[in-house]
Amino acid sequence: MTLFTRFAGRIGRKRFLVGMLALVAVGVVVGVLTTPLQLLAPGGAWTGLVLSLLFLYPALALMVKRLHDRGRPALPFAAIYVLPGLVWNAMQAAGIGFTHVSIGDLRVVEPTGLGLAVTGVTILVALIAFVDLVLLRGEADTNAWGPAPGAGRVGEAASPRRG
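Residues numbered from 1 in each chain as written. Predicted model: local features only at pLDDT ≥ 70, side-chain atom pairs only at ≥ 80, totals over all residues. Heavy atoms only, no water.

Digging into the overall build of the protein chain
Secondary structure assignment for the protein chain yields five helices and two strands. Written out in order from the N terminus, the α and β elements of the protein chain read α-α-α-α-β-β-α. By residue count, 34% of the 163 residues in the protein chain fall in the buried class. In the protein chain, 67% of the contacts between residues at least 6 apart in sequence involve partners at least 24 apart. For the protein chain, the exposed area adds up to about 9400 Å²; of that, 72% sits on carbon and sulfur atoms. (Helix = DSSP H or I, 4+ residues; strand = E, 2+ residues; numbered from the N terminus. Buried < 20%, exposed > 50% of the residue type's maximum accessible area, 1.4 Å probe, protein only. Contact = heavy atoms within 4.5 Å. Areas by Shrake-Rupley, 256 points an atom, 1.4 Å probe, with all protein chains shown as cover.)

Right, here's the structure in full:
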């Protein structure tokens with residue numbers, strides 16, 4: 001559980017990816033369960049932002065440790081990787097750059113010019129973060145944030161080709 005609650009130390013690519021996939025899976029379930037609230041309740045558009053904020057802490061815990069493994073400080077990288085998504089969620093909830101179109105009892109959100117631009121920036125930053133945190137290897141040796149993930153385990157040699 002410390003994987004999602006502590007910011008100290010380092011984690012490799014595989015552990016980061018498994019942790020993020022677990023958060024996404026839980027987020028999808030919670031999102032499906034709260035869809036009626038988001039679509040039908042007055043102010044329901046804010047539910048998505050609130051859910052994003054609830055998942056922010058465990059996601060940041062994963063991201064910070066992965067950034068440490070890459071030899072990078074948590075700031076500014078975590079902020080750069082997270083802020084566009086939070087801004088996108090807040091804009092959508094507030095109706096800034098997005099319009100709410102009703103189709104029967106269903107409310108659908110459509111991006112307008114500003115919403116499209118922020119969506120594009122968010123997607124670009126997410127792709128850059130994916131390359132940095134998932135595709136690129138961490139530092140093979142001990143760095144300022146501790147030993148390489150897997151280093152020092154009994155019966156397991158540290159390898160420069162680890163995740």
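The rest of the description comes next.
As for helix α5 (residues 113-135)
In a regular helix each residue adds 1.5 Å, so 23 residues correspond to 33 Å; α5 covers 32 Å between its end C-alpha atoms and thus fits that length. Turning to α5, its buried residues number three or more, namely G115, V118, T122, V125, A129, D132, L133 and V134. (Expected span 1.5 Å × (residues − 1).)

Some points on the pattern of salt bridges
Should the charged atoms of two oppositely charged side chains come close, the side chains can pair. Counted under the stated rule, the structure contains four salt bridges. With a closest N to O distance of 2.8 Å, D69 and R10 form a salt bridge. In this pair, D69 sits in helix α3 (residues 46-69) while R10 sits in the loop between α1 (2-5) and α2 (13-40), placing the two residues 59 residues apart along the sequence. In this structure, D69 and R10 share a single accessibility class: buried. Residues R66 and D69 are paired through a salt bridge, measuring 2.4 Å at the closest nitrogen-oxygen approach. Taken together, the residues R66 and D69, both in helix α3 and three residues apart, mark about one turn of the helix. In this structure, R66 and D69 share a single accessibility class: buried. (Salt bridge = Lys/Arg side-chain N within 4 Å of Asp/Glu carboxyl O.)

Here we look at the nonpolar core
Core analysis: the biggest nonpolar cluster contains 18 residues, and F16, M20, L62, M63, Y81 and L133 have the highest contact counts within it. Counting only elements with at least two residues in this core, the list comes to α1, α2, α3, α4 (74-94) and α5. Apart from the residues within four sequence positions on either side, Y81 is in contact with M63, L67, V125, I128, A129, D132 and L133. (Core = buried A, V, L, I, M, F, W, Y, C linked by side-chain atoms within 4.5 Å.)

With respect to the confidence of the model for the protein chain
Per-residue pLDDT for the protein chain averages 87, and the proportion of residues at 70 or more is 90%. The spread of mean pLDDT over the elements of the protein chain runs between strand β2 (residues 106-111), the lowest at 79, and α5, the highest at 95. With pLDDT under 50 throughout, residues 154-163 is counted as low confidence; its partners more than four residues away or in other chains account for 20 contacts. (pLDDT = per-residue confidence, 0-100.)

Overview of the packing of aromatic side chains
If you walk through the whole model with that rule in mind, you get three aromatic pairs. One Lys or Arg, R72, reaches over the ring of F77 and ends 4.6 Å from the middle of that ring. (Phe/Tyr/Trp six-rings, centres within 6.5 Å; stacked < 30°, edge-to-face > 60°. Lys NZ or Arg CZ within 6 Å of the ring centre and 35° of its normal.)

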